[in-house]
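Each chain is listed here by its residues.
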Amino acid sequence: MTEPVPAPRPPEVPPSSDAGPISQVSFLGSEPVALGAAHHRMAARAAEVGIRRIHVLAWRDLDDIEAGGSEVHASMVARHWAAAGLWVSMRTSYAQGRPTQVWRDGYLVTRKAGRYLVFPRSVASALARRSGPRDALVEIWNGMPFFSPLWDLGPRIVLVHHQHADMWRLALPPTLAKVGDTIERVVAPPLYRRSRVVTLSPSSRDELVDGMGLRADHVTVVPPGVADHFTPGPGRSPTPLVLGVGRLVPVKRFDLLVDAMAAVRARRPDVRLVLVGDGHEREAIEERIRRLGAQDWVELLGRVDDRTLVELYRRAWLVASTSLREGWGMTITEAAACGTPAVASRIAGHTDALTDGVTGLLADPGEELIGALSRLIDDDATRLAMGEAARRRAESLRWDATAEAIFGVLADEAARRRR
């Protein structure tokens, strides 16, 4: 029996001195959190180790036009912590056209400064306690760190989804890319050697240890959850429909997916491709579609709401990801919860989100990717079996369990420091 959580209410702790008018919002139309055993266990553990207020540092907020899996992950964890009775405040960069502060699903978000200044300004705010008192700190290291080991002496953990590596050169000019890569690989890791780190998958942990030199015994793997509204349902497309979901940015490599689908369509002319998401690569992808003469079978929908996304997962024959870097690949397990298998690039993260040959297929770009797409489109029995296996696997991924496991790492760190 679950106990419903009341609607978000003004915080019991006074807002920070950074506050302007606070707006109330909800999480992308998601269902309310229902209190369960995980929330009660978190509340009890929090009282045991003396954690009431948690401050989170993140690069971007969920309302940012470039928000992706990292922002969804942070928001879901924060809302479950808030449901357990914890005071959670999150500091991020500004979100375009949005108010400075919002009260979302029980936790407070302060959005100030741009893409680069968010790092020094967030640190300055934390040092000055302008975000209010805190019992613990969570740093989300998304490429560029906040260097929390240098200035925070209290209980603290770090969330790292994956190493950025060659993402730097795809996202930044050469000089800035070299700076970012050097900070990530050379400068920051020694400072974080004693920090407790949480990542999403065993393969991502291996990258953090081998590529960044973090200590294996200090890195804990906690898989992300899948929201309850991702469920199987009617409406599968009568003709082959492949779905790609993600930001339209270079690291997602949607150009490779479009090219591969053009090769598949050459022998299967009824296949269609739908891409969900937006980003600065949209014009380049549209130009590629025009050059291929694919306007009649490739559709770019932009950002969609949760209800539409669920319908698309249910209609698709398979979901495809050609991403270069992922900590997990949350779209793969969202689709899986809807009974839809995946074809994904063979990279860290994907190798854990997808069980190759069971819940979908891993493939390198080129002929192997074309072959994997063709196989799942043409082989009805295999596709249906993989979709069912994917659905069963996704049932084990719950956000309350994710939030509890991450809080457990933070609580252990608080207990260690008290000892």
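Residues numbered from 1 in each chain as written. Predicted model: local features only at pLDDT ≥ 70, side-chain atom pairs only at ≥ 80, totals over all residues. Heavy atoms only, no water.

Engineer: Any chance you could explain helix α6 (residues 202-212) here in plain terms?
Structural biologist: Along an α-helix, residues three or four positions apart point the same way, because every turn accommodates 3.6 residues. When we look at burial in α6, the residues that qualify are Ser203, Ser204, Glu207, Leu208 and Met212. For α6, the angular spread of buried residues about the axis comes to 145°, placing them on one side. Where α6 is buried, its residues touch α5 (174-191), β10 (196-199), β11 (219-221) and α11 (350-353). A positive backbone phi angle near 75° is found at Gly213, which sits one or two residues after α6. (Buried < 20%, exposed > 50% of the residue type's maximum accessible area, 1.4 Å probe, protein only. Helix = DSSP H or I, 4+ residues; strand = E, 2+ residues; numbered from the N terminus. Arc of directions from axis to C-beta. Contact = heavy atoms within 4.5 Å.)

Engineer: How do you make sense of the packing of aromatic side chains when you look at a structure like this?
Structural biologist: Under the criterion given, the structure shown has 5 aromatic pairs. Aromatic side chains Phe119 and Phe146 sit 4.8 Å apart centroid to centroid with 45° between the ring planes, which places their arrangement in the tilted category. With Phe119 in helix α3 (residues 118-127) and Phe146 in the loop between β8 (136-140) and β9 (156-159), the pair connects residues that are 27 residues apart, well separated along the chain. Assigned by exposure class, Phe119 and Phe146 land together as buried. We note Arg115 situated over the ring of Trp59; from NZ or CZ to the ring centre the distance is 5.6 Å. (Phe/Tyr/Trp six-rings, centres within 6.5 Å; stacked < 30°, edge-to-face > 60°. Lys NZ or Arg CZ within 6 Å of the ring centre and 35° of its normal.)

Engineer: Would you mind showing me how to read a nonpolar patch on the surface here?
Structural biologist: Residues Leu150, Val186, Val187 and Leu191 make up a contiguous nonpolar surface patch of about 340 Å² in total accessible area. Note on placement: Val186 falls in helix α5. Exposure remark for Val186: the relative accessible area of 48% places this residue in the partly exposed category. (Patch = residues over 30% accessible without salt bridge, like charges linked within 9 Å, V, L, I, M, F, W, Y side chains within 5 Å. Areas by Shrake-Rupley, 256 points an atom, 1.4 Å probe, with all protein chains shown as cover. Salt bridge = Lys/Arg side-chain N within 4 Å of Asp/Glu carboxyl O.)

Engineer: Explanation requested: the confidence of the model for the chain in the structure shown.
Structural biologist: Residues shown with low pLDDT carry predicted positions that ought not to be read at fine detail. Here the chain averages 90 in pLDDT, and 93% of its residues register 70 or above. Segment residues 1-30 is flagged for pLDDT under 50; beyond a separation of four residues in sequence, or across chains, it makes 66 contacts in the model. (pLDDT = per-residue confidence, 0-100.)

Engineer: So what exactly am I meant to see when it comes to helix α12 (residues 367-378) here?
Structural biologist: The first and last C-alpha atoms of α12 sit 16 Å apart over 12 residues, in line with the 16 Å expected at 1.5 Å per residue. Within α12, burial applies to Leu369, Ile370, Ala372, Leu373, Ser374, Leu376 and Ile377. The inward-facing, buried residues of α12 contact β12 (241-245), α7 (254-267), β15 (318-321), β16 (342-345), β17 (360-363) and α13 (380-394). (Expected span 1.5 Å × (residues − 1).)

Engineer: Help me understand the pattern of salt bridges, please; the structure alone is not making it clear to me.
Structural biologist: A side chain of one charge can pair with a side chain of the opposite charge when the charged atoms of the two come close. For the structure shown, the criterion picks out 35 salt bridges. Asp105 serves as the salt-bridge partner of Arg79, at 3.0 Å between the closest nitrogen and oxygen. Of this pair, Arg79 sits in helix α2 (residues 69-83) while Asp105 sits in the loop between β6 (101-104) and β7 (107-111), placing them 26 residues apart in sequence. Here Arg79 and Asp105 have matching classes, each one buried. Between Glu207 and Arg325 there is a salt bridge, with the nearest N and O atoms lying 2.7 Å from each other.

Engineer: Honestly, the packing of helix α1 (residues 37-49) against helix α14 (residues 399-418) in this entry has me stumped. Any pointers?
Structural biologist: Geometry of a packed helix pair, given as the angle between the helix axes and the separation of the axes. Two elements in contact, α1 and α14, have axes whose closest approach is 10 Å; the angle formed by their N-to-C orientations is 10°. With respect to their mutual orientation, α1 and α14 come out roughly parallel. Side by side, α1 and α14 meet where Ala38, His39, Arg41, Met42, Arg45, Ala46, Glu48 and Val49 of the first sit next to Asp400, Ala403, Glu404, Phe407, Gly408, Ala411, Asp412, Ala414, Ala415 and Arg418 of the second. Here the residues of the contact of α1 with α14 are counted per class, giving 9 nonpolar, 2 polar and 7 charged. (Axes fitted to C-alpha atoms, helices over the stretch in contact; angles between N-to-C directions. Parallel < 35°, antiparallel > 145°, perpendicular 65-115°, else oblique. Nonpolar A, V, L, I, M, F, W, Y, C, P; charged D, E, K, R; others polar.)

Engineer: Mind showing me how you'd approach the pairing of β15 here?
Structural biologist: Across a regular strand the side chains alternate sides, sitting on one face of the sheet and then on the other. Where burial is concerned, the two faces of β15 agree: the one with Leu318 and Ala320 and the one with Val319 and Ser321 are both buried. With 2 bridges connecting them, β12 and β15 associate as parallel partners. Bridge pairing links Val242 to Leu318 in β15. In this fold, β15 hands off to helix α10 (residues 330-337), which returns the chain to β16; that crossover is right-handed. (Pairing = 2+ DSSP bridges. Right-handed = clockwise from strand over helix to strand, strands pointing away.)

Engineer: I keep staring at the side chain of His55 and nothing clicks. Help me out?
Structural biologist: Among the structural elements, His55 can be located in strand β4 (residues 53-57). Looking at His55, the relative accessible area reads 3%, which means it is buried. A distance of 3.0 Å separates a polar atom in the side chain of His55 from a polar atom in the side chain of Ser89. Excluding residues within four positions of it along the chain, His55 makes contact with Ser89, Arg91, Ser131, Arg134, Ala136, Leu137 and Val138. (Polar contact = N/O pair within 3.5 Å; in protein donor to acceptor, adjacent residues only side chain to side chain.)

Engineer: Sorry, what's going on with the pairing of strand β5 (residues 87-92) here?
Structural biologist: With 6 of 6 residues buried, β5 is to be regarded as a mostly interior element. Pairing of β4 with β5, which is carried by 5 bridges, proceeds in the parallel orientation. Each residue of the ladder has a partner; that of Val56, found in β5, is Met90. For the crossover that starts at β4, traverses α2 and ends in the parallel β5, the hand is right-handed.

Engineer: Would you explain the nonpolar core in this entry?
Structural biologist: One finds Ile51, Ile54, Trp81, Phe230, Tyr313 and Phe407 to be the most contacted residues of the largest nonpolar core, which totals 66 residues. Considering every element that reaches this core, the biggest residue donor is α14, with 9 residues. In contact with Tyr313, not counting residues within four places along its chain, are Phe230, Arg236, Leu243, Val245, Val319, Thr331, Glu334, Ala335, Cys338 and Thr340. In this structure, Val258, Val264, Ile285 and Ala372 belong to the second largest nonpolar core, which totals 30 residues. (Core = buried A, V, L, I, M, F, W, Y, C linked by side-chain atoms within 4.5 Å.)

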